[in-house]
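Coordinate analysis (summary)
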Amino acid sequence: MTKHSDDYQEALDFLYSRLNYENVGLPRGSEGLGLGRMRRLMRRLGDPQKSYKIIHVAGTKGKGSTCTMLAAAASGCGYKTGLFCSPHLHFLEERYRIDGQLIDQPGLAGLVHEIRQAVEAIDSLHADTLKLTFFEITTAMGLLYFAREKCDLVVLEVGMGGRLDSTNIVRPDVAVITSISLDHTRQLGNTTAAIAREKAGIFKRGRVAISGVTDPPAAKVIDQIARDRKCNFYCLNRDYAFEKLPMPAQILKPEPMRFHLKSWARDWGEMQSPLLGPHQVENAALSLATLDAAEKSGLHFDRSRICRAWQGLQMPSRVEILGNSPLMVIDGAHNAASAQALAETIKISFPPVKGPRVLVFGTTREKDLEGQLFWLLPLFDRIVITQYQKNPRARSHDETRTAIEAAGRSVDAEISLPVDACHEAQAMAGAEGMVVITGSLFLAAEIRAAILGIEDNLPEAIRK
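Okay, so let's go over this structure. (Residues numbered from 1 in each chain as written. Predicted model: local features only at pLDDT ≥ 70, side-chain atom pairs only at ≥ 80, totals over all residues. Heavy atoms only, no water.)

**Structural notes on the sheet that holds strand β11 (residues 267-272)**
Worth spelling out the cut-off: When DSSP finds two or more bridges between a pair of strands, those strands are recorded as paired. Helical segments are the DSSP runs of H or I of at least four residues, strand segments are the runs of E of at least two, and each set is numbered from the N terminus. To obtain each axis, a line is fitted to C-alpha atoms, and for helices this fit is confined to the stretch in contact; angles are then taken between N-to-C directions over 0 to 180 degrees. Contact between two residues is taken to exist if any of their heavy atoms lie within 4.5 Å; hydrogens are not considered.
With respect to topology, three strands assemble into an open sheet ordered β9-β10-β11, the strand pairing being antiparallel. With partners counted over all chains shown, the strands left at the sheet margins are β9 (240-244) and β11, one partner each. Taking each pair of neighbouring strands and ignoring which way they run, the sheet shows an average axis angle of 20°. Across five bridges, the pairing between strand β10 (residues 258-263) and β11 is antiparallel. Pairing of Arg258 across the sheet is with Gln272, part of β11. Along the sheet, helix α10 (residues 278-294) contacts β9, β10 and β11; its crossing angle with β9, the most-contacted strand, is approximately 150°.

Structure follows, in C-alpha cells:
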C-alpha cells in the first residue's frame, strides 16, 4: 500500500469531512444550493477566476468529453490551459489539469492549506447557514490553482445543473451547453424545458454563448434566455452544422467516426472525432464551433495543431478498452441518454465478436434504471449484476434484477463485489467474446482501480 505524506492525508481528511453531495446524493429541489457561500469564499481569495479566460460547459451528457477536447485543442494551439472536471475516478488530483498534467500531491495539499483559513472564517461568520461543501471548496481550489499557475484559458465543467452550480460564480468568455435530456429531475425539473432553464443559467449578459442542444422544447428555452440576456449566441443547425461520414464497410478494430463541419466562421473540412462513438461526433463538432466562438475574445485556434492534439486523446471510463481477450469495455454511462450513446457506439464503432456479449451492470438509486436497460439489454447475451461498494448510493441487486425481469430478461449472475462480477463475465465471454461494464462512474471507478492494480494506492480518505 502506498504511503502518502501527512500533509496530503490531512488535506484529504479536511475535504472529505465536508458535506459531499457526490456521496450522499443531492437534495430535492434547490434546498441547500446557492451561490452565496461560493461568492464569499472567492472574494476572500481575491477572485482569482478573473485572471484568465474561461469556457464554461454545462449539459446533461457530453460535458466531460467536450471539456477534454476543448482543453486538448487549446493546449495544442499553445495556450496554457487549465481543465476542471468532476467527479474524479480514483484520485482527487484528476479534477485539476494544466496542459493535460494533473496537479501533484504536494500541490493539492498546499492548495487546501491556503484555502482552509478562508473556509473556516466564512463558516464561523455565517454559522447559522450551511457550511461550505466539498464541491464548493474543491471548485474554489481549482479556480485558485489556475490563477497561481498563470493559465491563459480555463475550461470549467459544471457539476450539476448550471444556475445554482458552484462553478457559476464565473463570468465566462464562452458559455456552452452540450445536450439536454432527463437527469437529476428531482433537482432540475421533470421536463427538458425546465432542465434547459437551469443549464442556461450559466449564460451571462452580453457574453458569447453556444448550444449543441437538439431537443426542441429545450432549444427554444435556451434561445429565449440567450435573447433575454443579449448574448452573442450560436446554435447547432443554424450557425454551425456537421455531417457524420460513413464508417468503413468492414471494421477490424474500434474506430472513431469522421465528420464534416462548417461553422459561421469557417469550413473545418473533414475531421475525425478523437473519441469513440457517434455521440462523440456531436461533442467534437460543438468543441470546434466553441473554439470559433472563443476567437471573439482574442484567441486563435489552428486546425492542423488541433488535429495533432486530438490524436491519441483518451478519457478513462468513457468507452475505454481495458482488455482484448475477451474485448473488455468500461463506460460510466449513468442515465438513459448515455446508455443509448453507449449502445450506438457498440453497434457502430466496434467490430462484431465471435463469442457472447456479456453486460456487467450496476447503477445508482435515483437514476432511470428502466431507461438504461431499455437501450442496453438487447445488445447482450448474458447479464451479470453487481453494485459498487464505496458509495452509499448504489442500487440494490433486488431492484436491478426486478427491473431486468420486468423487461423480459433473466439475470445470469448476481455478484456483490464489482471486480468479482467482472471476472465472472470474462469467463462467460471467453477469449472471443465481449464484456461491457457500465451503469455508473462509481462502478467504473471501482472495477478500473482493481483491474489496473491501483486500488492499494488510493488514499485512506478515498478508499473508505
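**Considering the environment of Gln387**
Let me state the cut-off plainly: Definition of a polar contact: a pair of N or O atoms within 3.5 Å, with one able to donate and the other able to accept a hydrogen when the atoms are protein atoms, and with sequence-neighbouring residues admitted only if both atoms are side-chain atoms.
Counting through the fold element by element, Gln387 comes out in the loop between β15 (382-385) and α14 (397-406). Residues Gln387 and Ala336, spaced 51 residues apart in sequence, show a C-alpha to C-alpha distance of 18 Å. Once residues lying within four places of it in the same chain are set aside, the contact partners of Gln387 are Ala394, Arg395, Ser396, His397, Ile415, Ser416 and Pro418. A distance of 3.3 Å separates a polar atom in the side chain of Gln387 from the backbone nitrogen of His397.

**Thoughts on empty space enclosed by the protein**
Formally: Put simply, the grid is 1 Å and covers the protein atoms alone, a cavity is a trapped set of points that fit a 1.4 Å probe, a pocket is an open set with protein on both sides within 12 Å along at least five of seven lines, and lining residues have an atom within 4 Å of a point. Grid points are joined across faces, edges and corners, and a volume is the space filled by probe spheres set on the points. Any residue that is not Ala, Val, Leu, Ile, Met, Phe, Trp, Tyr, Cys, Pro, Asp, Glu, Lys or Arg is counted as polar, Gly included; the first ten are nonpolar and the last four charged.
By the definition in use, this model includes one cavity of 30 Å³ or more. Computed from the structure, the largest cavity encloses a volume of approximately 40 Å³. Contributing to the lining of the largest cavity are Arg37, Arg40, Ile122, Asp123, His126, Thr129, Leu130, Lys131 and Leu132. Listed by contribution, the elements that provide at least two residues to the lining of the largest cavity are α3 (36-44) and α5 (105-125). Class assignment for the residues of the lining of the largest cavity results in three nonpolar, two polar and four charged.

**A look at the pairing of strand β1 (residues 53-58)**
Worth spelling out the cut-off: Think of it in three bands: with a 1.4 Å probe and only protein chains considered, a residue is buried below 20% of the maximum accessible area for its type, exposed above 50%, and partly exposed in between.
With respect to burial, β1 is a largely interior element, five of its six residues being buried. For β1 and strand β5 (residues 153-157), the ladder comprises five bridges, and the chain directions are parallel. Bridge pairing links Ile55 to Val155 in β5. Of the strand pairs in this sheet, β1 and strand β6 (residues 174-177) are connected by four bridges, and their pairing is parallel. Paired with Ile55 across the two strands is Val174, which belongs to β6.

**Overview of unusual backbone geometry**
Here Ser86 and Pro87 are connected by a cis peptide whose omega angle stands at -5°. Tracing the chain through its elements places Pro87 in the loop between β2 (81-84) and β3 (96-98). Here Ser325 and Pro326 are connected by a cis peptide whose omega angle stands at 5°. Turning to its location among the elements, Pro326 is positioned in the loop between β12 (320-324) and β13 (327-330). Of note in this structure, Asp47 is not a glycine but carries a positive phi near 50°. Take Asp47: it is sitting in the loop between α3 and β1.

**Considering the nonpolar core**
Stated formally: Nine residue types can take part in a nonpolar core, namely buried Ala, Val, Leu, Ile, Met, Phe, Trp, Tyr and Cys, and a core is a set of them joined through side-chain atoms within 4.5 Å.
Leu288, Phe301, Ile306 and Trp310 are the most contacted members of the largest nonpolar core, which has 45 residues in total. Here the element with the most residues in this core is α10; it accounts for nine residues. Beyond its immediate sequence surroundings of up to four residues, Trp310 is in contact with Met69, Ala72, Ala73, Met271, Gln272, Pro274, Ala284, Ser287 and Leu288. With 41 residues, the next largest nonpolar core counts Tyr52, Ile54, Ala140 and Phe146 among its residues.

**Some thoughts on the packing of helix α4 (residues 63-76) against α10**
Our working definition: Relative orientations are named as follows: roughly parallel for angles under 35 degrees, roughly antiparallel for angles over 145 degrees, roughly perpendicular for angles from 65 to 115 degrees, and oblique for any other angle. What makes a crossing left-handed is the near helix being turned counterclockwise from the far one by less than a right angle; a clockwise turn instead makes it right-handed.
Remark: α4 packs on α10, axes separated minimally by 9 Å, with the N-to-C direction vectors making an angle of 45°. The angle between α4 and α10 places the two elements in the oblique class. In the crossing of α4 with α10, the sense of the turn from one axis to the other is right-handed. On α10, the residues touching Ser65, Thr66, Met69, Leu70 and Ala73 of α4 are Gln280, Asn283, Ala284, Ser287, Thr290 and Leu291. Looking at the contact of α4 with α10 residue by residue, the class counts come to five nonpolar, six polar and no charged.

**Here's the deal with α4**
The criterion, for reference: Every helix has an expected span of 1.5 Å times one less than the residues it contains.
In a regular helix each residue adds 1.5 Å, so 14 residues correspond to 20 Å; α4 covers 20 Å between its end C-alpha atoms and thus fits that length. Within α4, twelve of the 14 residues are buried, leaving the element largely enclosed by the surrounding structure. For α4, the full list of buried residues reads Lys63, Gly64, Ser65, Thr66, Cys67, Thr68, Met69, Leu70, Ala71, Ala72, Ala73 and Ala74. Tucked into the core, α4 has its buried residues touching β1, β2, β5, α10 and α11 (303-310). Of the residues one or two after α4, Gly78 is the one with positive phi, at around 95°.

**Side note on the environment of Arg409**
In this fold, Arg409 is placed in the loop between α14 and β16 (413-414). Relative accessible area serves as the criterion here: at 24%, Arg409 is assigned to the partly exposed category. In the structure, Arg409 is positioned ten residues away from Glu399 in sequence and 14 Å away in space, judged by C-alpha atoms. Residues contacting Arg409, with those up to four places away along its chain left out, are Leu377, Pro378, Phe380, Asp381, Arg382, Ile383 and Ile404. There is a polar contact of 2.8 Å between the side chain of Arg409 and the backbone oxygen of Phe380.

**Some thoughts on the sheet that holds β16**
One open sheet holds the six strands; their spatial order is β12-β13-β17-β14-β15-β16, and the pairing between them is mixed. Strands with a single pairing partner mark the edges of an open sheet, and in this sheet they are β12 and β16. Set on the sheet, helix α13 (residues 369-376) makes contact with β14 (357-361) and β17 (434-438); between it and β14 the angle comes to about 170°. Running at roughly 155° to β15, α14 makes contact with β14, β15 and β16 of the sheet.

**A closer look at the pattern of salt bridges**
What counts is decided by this rule: Should a side-chain nitrogen of Lys or Arg be within 4 Å of a carboxyl oxygen of Asp or Glu, the pair is scored as a salt bridge.
Summed over all chains, the structure comprises 21 salt bridges. Of the charged contacts, one joins Glu255 and Lys253 as a salt bridge, the two residues approaching to 3.4 Å between their closest N and O atoms. Connected through salt bridges with shared partners, the residues Asp223, Arg227, Arg238 and Asp239 form a single ionic network.

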